[in-house]
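# Observations on the three-dimensional arrangement
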Amino acid sequence: MTREKRVALYLRVSTDHQTIDNQRRDLEEVAGRLGWNVVLVLADEGVSGAKGRDRRPGFDKLHKAVTRREIDLIAAWSVDRLGRSLQDLVGFLSEINARGVDLYLHKQGLDTSTPAGRAMFGMLGVFAEFEPAMISERVKSGLERARASGTKLGRPSIPKSKVDQINQALSEGKGIHRICREVGVGSGTVQRLRREAHGV
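So, a few notes on the structure that sits alongside this text. (Residues numbered from 1 in each chain as written. Predicted model: local features only at pLDDT ≥ 70, side-chain atom pairs only at ≥ 80, totals over all residues. Heavy atoms only, no water.)

## Observations concerning the packing of helix H6 (residues 160-171) against helix H8 (residues 187-197)
As a reminder of what qualifies: Note on geometry: axes are C-alpha line fits, over the in-contact stretch for helices, and angles between N-to-C directions span 0 to 180 degrees. Counting from the N terminus, the helices are DSSP H or I runs at least four residues long and the strands are E runs at least two residues long. Angles are sorted into four bins: roughly parallel if under 35 degrees, roughly antiparallel if over 145, roughly perpendicular if 65 to 115, and oblique for all others. Crossings are assigned a handedness: left-handed for a near helix turned anticlockwise from the far helix by less than a right angle, right-handed for a clockwise turn. Here a residue-residue contact requires only that any non-hydrogen atoms of the pair lie within 4.5 Å. Note that Gly is not counted as nonpolar here; it falls among the polar residues with everything else outside the nonpolar set of Ala, Val, Leu, Ile, Met, Phe, Trp, Tyr, Cys and Pro and the charged set of Asp, Glu, Lys and Arg.
Between H6 and H8, the least distance of the axes is 10 Å, while the angle of their chain directions is 70 degrees. Taken together, the axes of H6 and H8 are roughly perpendicular relative to one another. Like other packed secondary-structure pairs, H6 and H8 cross with a definite hand, here right-handed. Only Thr189, Val190, Leu193 and Arg194 of H8 make contact with H6, whose side of the interface consists of Val163, Ile166, Asn167 and Leu170. The residue makeup of the contact of H6 with H8, split by class, is five nonpolar, two polar and one charged.

In structure tokens:
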């Protein structure tokens, strides 16, 4: 006779105006249908998925339950409830997989306890390796497109009148912060012009 799966439900919403009730209802319905034994319900309310484990107490408890082998499967409503980046997700999946814990994602229909789910997990790992390269390529492509259309990149230059004001104030021996207030520029601009004036 097989032991029923010990399942942890993980619920998360990003703002205090949202509710975890719908996520919980959907996951409890699946648990009843599949005969899971829900042993933990962990939630992070009003917490962004971009935050680390230290800022998500429910997610931290989930990790600890995995480490202690208190659960066999984690059920979450959607992949974005676990984290915001594909690399983070694959790292989390690798960690739970090493402990023999599976993952069920309701919205994506992913269950790593099935052969199809394990195959999908393998593909996620491949995509995670390409994610930083894809982001870098998109940024480079966007910059090239902007240059080609004549868009000037970088910080906007300050007007010559302000440059003259700054140089005059520097020659009078005024301090950087005073010049910033009087001219309405940042200290980095004044420091750069002072370096240029001294040939540094």
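## Examining helix H2 (residues 57-67)
Applicable threshold: Only protein chains enter the accessibility calculation, which uses a 1.4 Å probe; a residue is then buried when its area is under 20% of its type maximum, exposed when over 50%, and partly exposed in between.
All of the buried residues in H2 are Gly58, Phe59, Asp60, Leu62, His63, Ala65 and Val66. Remark: arginine 69 follows H2 within two positions and exhibits a positive phi of approximately 55 degrees.

## Some points on H6
For clarity, the threshold we go by: Here the expected span of a helix is defined as 1.5 Å times the quantity of residues minus one.
The terminal C-alpha atoms of H6 lie 16 Å apart, and with 12 residues this matches the ideal 16 Å at 1.5 Å per residue to within 8%. Its buried side turned inward, H6 meets helix H7 (176-183) and H8. Within two residues after H6, glycine 173 carries a phi angle of roughly 85 degrees, on the positive side.

## Remarks on unusual backbone geometry
Positive phi outside glycine occurs at arginine 69, with the angle close to 55 degrees. With respect to the helices, strands and loops of the structure, arginine 69 is situated in the loop between H2 and strand S3 (73-76).

## Observations regarding the pattern of salt bridges
Put simply, the rule reads: The salt bridge definition used is simple: a Lys or Arg side-chain nitrogen within 4 Å of an Asp or Glu carboxyl oxygen.
Taken as a whole and judged by the stated rule, the model has 12 salt bridges. For the salt bridge of arginine 178 with glutamate 182, the shortest nitrogen-to-oxygen distance reads 2.9 Å. On the criterion of helical spacing, the pair formed by arginine 178 and glutamate 182 is a turn pair, its members being four residues apart in helix H7. Given a relative accessible area of 43%, glutamate 182 falls into the partly exposed group.

## Let's talk about the pairing of strand S1 (residues 6-13)
Quick reminder of the rule: At least two bridges found by DSSP between two strands are what make those strands a pair. By convention a crossover is right-handed if, when the strands point away from the viewer, the path from the first strand over the helix to the second runs clockwise.
Counting buried residues in S1 gives seven out of eight residues, a clear majority hidden from the surface. Here eight bridges tie S1 to strand S2 (residues 37-45), and the two strands are oriented parallel to one another. Note on S2: the bridge partner recorded for alanine 8 is leucine 40. For the crossover that starts at S1, traverses helix H1 (residues 21-34) and ends in the parallel S2, the hand is right-handed. Judged from the four bridges that link them, S1 and S3 form a sheet pairing that is parallel.

## What to know about a nonpolar patch on the surface
Put simply, the rule is: Each patch is built from salt-bridge-free residues with over 30% relative accessible area, joining like charges within 9 Å and nonpolar side chains (Val, Leu, Ile, Met, Phe, Trp, Tyr) within 5 Å. With residues, only the protein chains shown are counted as cover, and all accessible areas are computed by Shrake-Rupley using a 1.4 Å probe.
Taken together, the side chains of Val139, Leu143 and Leu153 make up a nonpolar region of the molecular surface, amounting to roughly 220 Å² of accessible area. Looking at where valine 139 falls in the secondary structure, it is placed in helix H5 (residues 115-148). What makes valine 139 partly exposed here is its relative accessible area of 48%.

## Quick word on the side chain of glutamine 23
Looking at the element boundaries, glutamine 23 is found in helix H1. On the accessibility criterion, glutamine 23 (6% relative accessible area) is buried. With near-sequence residues (within four places) excluded, glutamine 23 lies in contact with Leu11, Arg12, Val13, Trp77 and Arg81.

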